[in-house]
Amino acid sequence: MFSIYNKYTATALISFSIWIVANIINAILFAFIFSFAGNGDLDGIGIVLLFSAAFSLPDILIFWMVFLVKCRKNNLFPVLLITAASVSLLSVVLFFLYLAISFGADRGMWIIIVPVLAAIAATAIHRRAINDVVVTQNEMYESKNSATLET
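Residues numbered from 1 in each chain as written. Predicted model: local features only at pLDDT ≥ 70, side-chain atom pairs only at ≥ 80, totals over all residues. Heavy atoms only, no water.

Draft legend 1. Fine view of the overall build of the protein. On a plain count of helices and strands, the protein comes out with five helices and zero strands. Counting helices and strands in the order they occur from the N terminus, the protein gives α-α-α-α-α. Looking at the protein residue by residue over its 151 residues, the buried ones come to 36%. Contacts in the protein between residues at least 24 apart in sequence constitute 74% of all its contacts with a sequence separation of at least 6. (Helix = DSSP H or I, 4+ residues; strand = E, 2+ residues; numbered from the N terminus. Buried < 20%, exposed > 50% of the residue type's maximum accessible area, 1.4 Å probe, protein only. Contact = heavy atoms within 4.5 Å.)

Structure, rendered in structure tokens:
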């Protein structure tokens, strides 16, 4: 039914996988921070995972659109890495502004780097899959053009 050679399917699956891995890495990093902070209570990890997923949902749509538009470019990975870092930074800044305005929580702003690192790490983990999509799409594109030139 789905072909990995279909750019829509391939980019959507990889983008969704990056989103899930980034949320898991984010929750793990926050678990380490909570445990080293002396809190010892890891009940908040589920809430971190939920808010991370909710606030990063628009980010993954932007990431997927960039991936889809640029999927035939050979320098796609750096573009996606920059996209992941910038949209995750925007998302976390909006989240912390929401916390600061709603609850007056302005301490701990250094934690803003954790979701950005998670997004970069998740994108880096998927480098081979991203490169495979680029190679596959370029091969399909070249073979279609070469067949039309020969006839």
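Draft legend 2. Seen up close, helix 2 (residues 45-69). In a regular helix each residue adds 1.5 Å, so 25 residues correspond to 36 Å; helix 2 covers 35 Å between its end C-alpha atoms and thus fits that length. Leu57 marks where helix 2 bends most, by close to 45°; the proline Pro58 follows one to four residues later. Buried within helix 2 are the following residues: Ile45, Val48, Ser52, Ser56, Asp59, Ile60, Phe63, Phe67 and Leu68. (Expected span 1.5 Å × (residues − 1). Bend = angle between axes of the 7 residues up to and from the residue.)

Draft legend 3. The arrangement of the packing of helix 3 (residues 76-103) against helix 4 (residues 113-125) in detail. Following both chains from N to C, one finds helix 3 and helix 4 inclined at 155°, their axes separated by 8 Å at the closest point. Relative to helix 4, helix 3 is oriented roughly antiparallel. In terms of crossing hand, the pair formed by helix 3 and helix 4 is right-handed. From helix 3, Phe77, Leu80, Leu81, Ala84, Ala85, Ser88, Leu89 and Val92 reach across to helix 4, where they touch Pro115, Val116, Ala119, Ile120, Thr123 and Ala124. The residue makeup of the contact of helix 3 with helix 4, split by class, is twelve nonpolar, two polar and no charged. (Axes fitted to C-alpha atoms, helices over the stretch in contact; angles between N-to-C directions. Parallel < 35°, antiparallel > 145°, perpendicular 65-115°, else oblique. Left-handed = near helix turned anticlockwise from the far one by under 90°. Nonpolar A, V, L, I, M, F, W, Y, C, P; charged D, E, K, R; others polar.)

Draft legend 4. View of the nonpolar core. Membership of the largest hydrophobic core comes to 20 residues, with the highest contact counts inside it found for Phe63, Phe67 and Ile130. Sorting the residues of this core by element identifies helix 1 (7-36), helix 2, helix 3, helix 4 and helix 5 (127-150) as the ones contributing at least two each. Ignoring anything within four residues of it in the chain, the contact list for Phe63 reads Ser15, Ile18, Leu80, Thr83, Ala84 and Thr123. In this structure, Ala85, Val92, Ile111 and Ile112 belong to the second largest nonpolar core, which totals 15 residues. (Core = buried A, V, L, I, M, F, W, Y, C linked by side-chain atoms within 4.5 Å.)

Draft legend 5. Fine view of the side chain of Ser88. Position of Ser88 among the secondary structure elements: in helix 3. Using a relative accessible area of 9% as the deciding quantity, one classes Ser88 as buried. Polar contacts involving the side chain of Ser88 include one to the main-chain carbonyl oxygen of Ala84, which spans 2.8 Å. Apart from residues lying up to four places away in sequence, Ser88 is in contact with Asp59, Pro115, Val116 and Ala119. (Polar contact = N/O pair within 3.5 Å; in protein donor to acceptor, adjacent residues only side chain to side chain.)

Draft legend 6. Local environment of the packing of aromatic side chains. In the structure shown here, the tally under the stated rule is six aromatic pairs. Between the aromatic rings of Phe51 and Phe95, the centroid separation amounts to 5.7 Å while the plane-to-plane angle is 40°, which identifies the pairing as tilted. Of the two residues, Phe51 is situated in helix 2 and Phe95 in helix 3; the sequence distance between them amounts to 44 residues. When its relative accessible area of 37% is taken as the criterion, Phe51 is described as partly exposed. With a centroid separation of 5.7 Å and 75° between ring planes, the pair formed by Phe95 and Phe96 is classed as edge-to-face. For the pair shown, Phe95 and Phe96 are each scored as buried. A connected cluster of aromatic rings, assembled from ring pairs, spans Phe51, Phe55, Phe95 and Phe96. (Phe/Tyr/Trp six-rings, centres within 6.5 Å; stacked < 30°, edge-to-face > 60°.)

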